[in-house]
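# Geometric and topological summary
Listed here are the chains, written in short residue letters.
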Amino acid sequence: MDIMRSWTFDPGTMRLEAEGVCVNLTPKASAMLACLLRHEGQTVSRETLLSEIWPGLNVTEGLVREYIFDLRSALGDNARDPTYIETIRGKGFRLIGPVQLKASGAGRAQTSGPGGDVRVTVAVMRPTRSESDWDCQQFADCVVRDITTDLSQHHDIAVISQQAAFAMDRSGDPRETAAELGADYLLDSAFVIHEGTVRVSFHLVDGKTARHIWTERIDHSFQDLLTLSDKIVDAVVGALVGWHGELHRAEFKSVSARDSNELNSFENFIRACDIDMRLNEPEIRRSLVHLDRSLELDPSFARCWVIKSVMSQWAIDIIPEPEEALLIASADAIERAYSLDPYDPTTLGYYAMKRARDGDLNGAADLTNRAAQAAGPDPDAAITISTSLALICADFDGAVTFLNRAFELNPTPPGWYKFIEARVAYFARHYDRSIAASYAGTEHVSGLAFRCLSHTGSGDRDAALNAYSELIERYPRFDFDRYAKRMPVAHPEALARFRAGTDQLRKLLSWDAMPGLAS
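Just so we're clear, the structure is a prediction, and the values are computed from it rather than from any experiment.

## Remarks on the sheet that holds strand E1 (residues 7-10)
What the 4 strands build is an open sheet, ordered E3-E2-E1-E7; its pairing is mixed. The sheet is open, and its two edges are formed by strand E3 (21-24) and strand E7 (99-101), each paired on a single side. Within this sheet the neighbouring strands show an average axis-to-axis angle of 25 degrees, counted without direction.

Listed below in structure tokens is the structure:
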């Protein structure tokens, strides 16, 4: 029997909250709930939902049913005996629930910790478009609304409400506009249609200096509007978010030269995620210090707990501390992250690996599938999910799909993406890609290990020998078997591929006993 809850809906963060329960909605499900709330108690037709949520776009009524299903799942509702959303056969849907809007201030959606540290704040401004072309106006507003809602899903970004941003007069100084909105950055855009082609340009503007710090231009045929809308939203949001996204890069530049003692929780987090970080002992230790300081100031900072978990894993073969202590620190950190935000796809991907490490393969696979379903245009989430799909689900094609997705969303990725690419490509038996990635990215034990195994899989004895020698020279504590357990290489098929590679390496090099290759 479903539990009856009184839900509060925050459209700024797209969250439903009730009695200690928190559910994140997708952008479209959030828009649909907002529409039902605007017409609370009234029957809302499918045509109304389509026109308000997908204005100017030709989409099928089946999408309405899909998102109503998602909303009911989030609310814990039952279509046959509804508590929240009633289906009026042949007419539409009616919100009958106890669901209310969260009270807001001046339209600013903030993500802040107990200490009041507000995350980087963005205002997505109303686009400039051809006033004579109604289709272009409708399309432009729809795209920018979707960008606003997608950015709002990222909890280390605060987004000014669409109503407040769209109401601003843009003819004045951008610095005054940013100050009035309370935004650190403004995202401006322009849409022009000419001879069947739409040209869209975006500019990220620093609210303090009025300088353009990032620009993007997209030219595309103005035909399949839904596909084009998704393409634009993914390109913009993917470029802005994540550890090495344009917002992070801009913030990093502003805090990197400041005295560490002056940094708040979010600024310490930014400083920990060095955009040019090399994975050596001094830089790993420096990052861990900043992460600990950030969490000391704001223990509720879920994404910071995620990065601490990742960094502790990276440290195992780099700093001379007991492996067990670092594994415990990593496990504890991702447990905290999951307890704070159990719907974030990046958190789900890493928590799945923790559960697999504990021996719960079914639970880990379920978490991985949830992460894959919740993934939006976030390259960090995509790269994380690619690993989970390969090692936990043995879904090697799906892993490569998410891997490619990460690089599509972030065409100038950080170096650590490359050693993950080397890992996933190896399990998918794309040996040439694995080898190329291992040379292209940040130096890390994973890159060398899978370079070695991929050369082995390709039958290149000399290259395998050189890669193995370099691996053991740089990381003398490395052991393939322990590495497989801590990653973890959990699915029997993935583990079989890994062990076949290490067995083949031993035979290829004709060594009976090799460091890191115990029989």
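## Here we look at the packing of helix H17 (residues 416-427) against helix H19 (residues 445-457)
Contact geometry for H17 and H19: axes closest at 8 Å, N-to-C directions at 30 degrees. Considered as vectors, H17 and H19 are oriented roughly parallel to each other. Considering the relative orientation of H17 and H19, their crossing is left-handed. On H19, the residues that touch Phe419, Ala422, Arg423, Tyr426 and Phe427 of H17 are Ser446, Gly447, Phe450, Leu453 and Ser454. Of the residues in the contact of H17 with H19, the class split is 6 nonpolar, 3 polar and 1 charged.

## What about the sheet that holds strand E6 (residues 92-95)?
Within the open sheet, the 3 strands sit side by side as E4-E6-E5. Their pairing is antiparallel. Lying at the two open borders of the sheet, with one neighbouring strand each, are strand E4 (43-44) and strand E5 (85-88). Direction of pairing for E4 relative to E6: antiparallel, over a ladder of 2 bridges. Bridging from a neighbouring strand, Thr43 pairs with Arg94 of E6.

## Digging into helix H3 (residues 62-75)
For H3, with 14 residues, the first-to-last C-alpha span of 20 Å sits near the 20 Å given by 1.5 Å per residue. Gly62, Leu63, Val64, Tyr67, Ile68, Leu71, Arg72, Ala74 and Leu75 are the residues of H3 that are buried. Directly beyond the C-terminal end of H3, a positive phi value near 75 degrees is found at Gly76.

## What to know about the environment of Gly349
For Gly349, the position within the fold is in helix H13 (residues 345-357). Note on Gly349: relative accessible area 0%, which makes it buried. Taking the C-alpha atoms as reference points, Gly349 and Ala382, separated by 33 residues in sequence, lie 9.1 Å from one another. Apart from residues lying up to four places away in sequence, Gly349 is in contact with Ala371, Thr384 and Ser388.

About the thresholds
- Residues numbered from 1 in each chain as written.
- Predicted model: local features only at pLDDT ≥ 70, side-chain atom pairs only at ≥ 80, totals over all residues.
- Heavy atoms only, no water.
- Pairing = 2+ DSSP bridges.
- Helix = DSSP H or I, 4+ residues; strand = E, 2+ residues; numbered from the N terminus.
- Axes fitted to C-alpha atoms, helices over the stretch in contact; angles between N-to-C directions.
- Parallel < 35°, antiparallel > 145°, perpendicular 65-115°, else oblique.
- Left-handed = near helix turned anticlockwise from the far one by under 90°.
- Contact = heavy atoms within 4.5 Å.
- Nonpolar A, V, L, I, M, F, W, Y, C, P; charged D, E, K, R; others polar.
- Expected span 1.5 Å × (residues − 1).
- Buried < 20%, exposed > 50% of the residue type's maximum accessible area, 1.4 Å probe, protein only.

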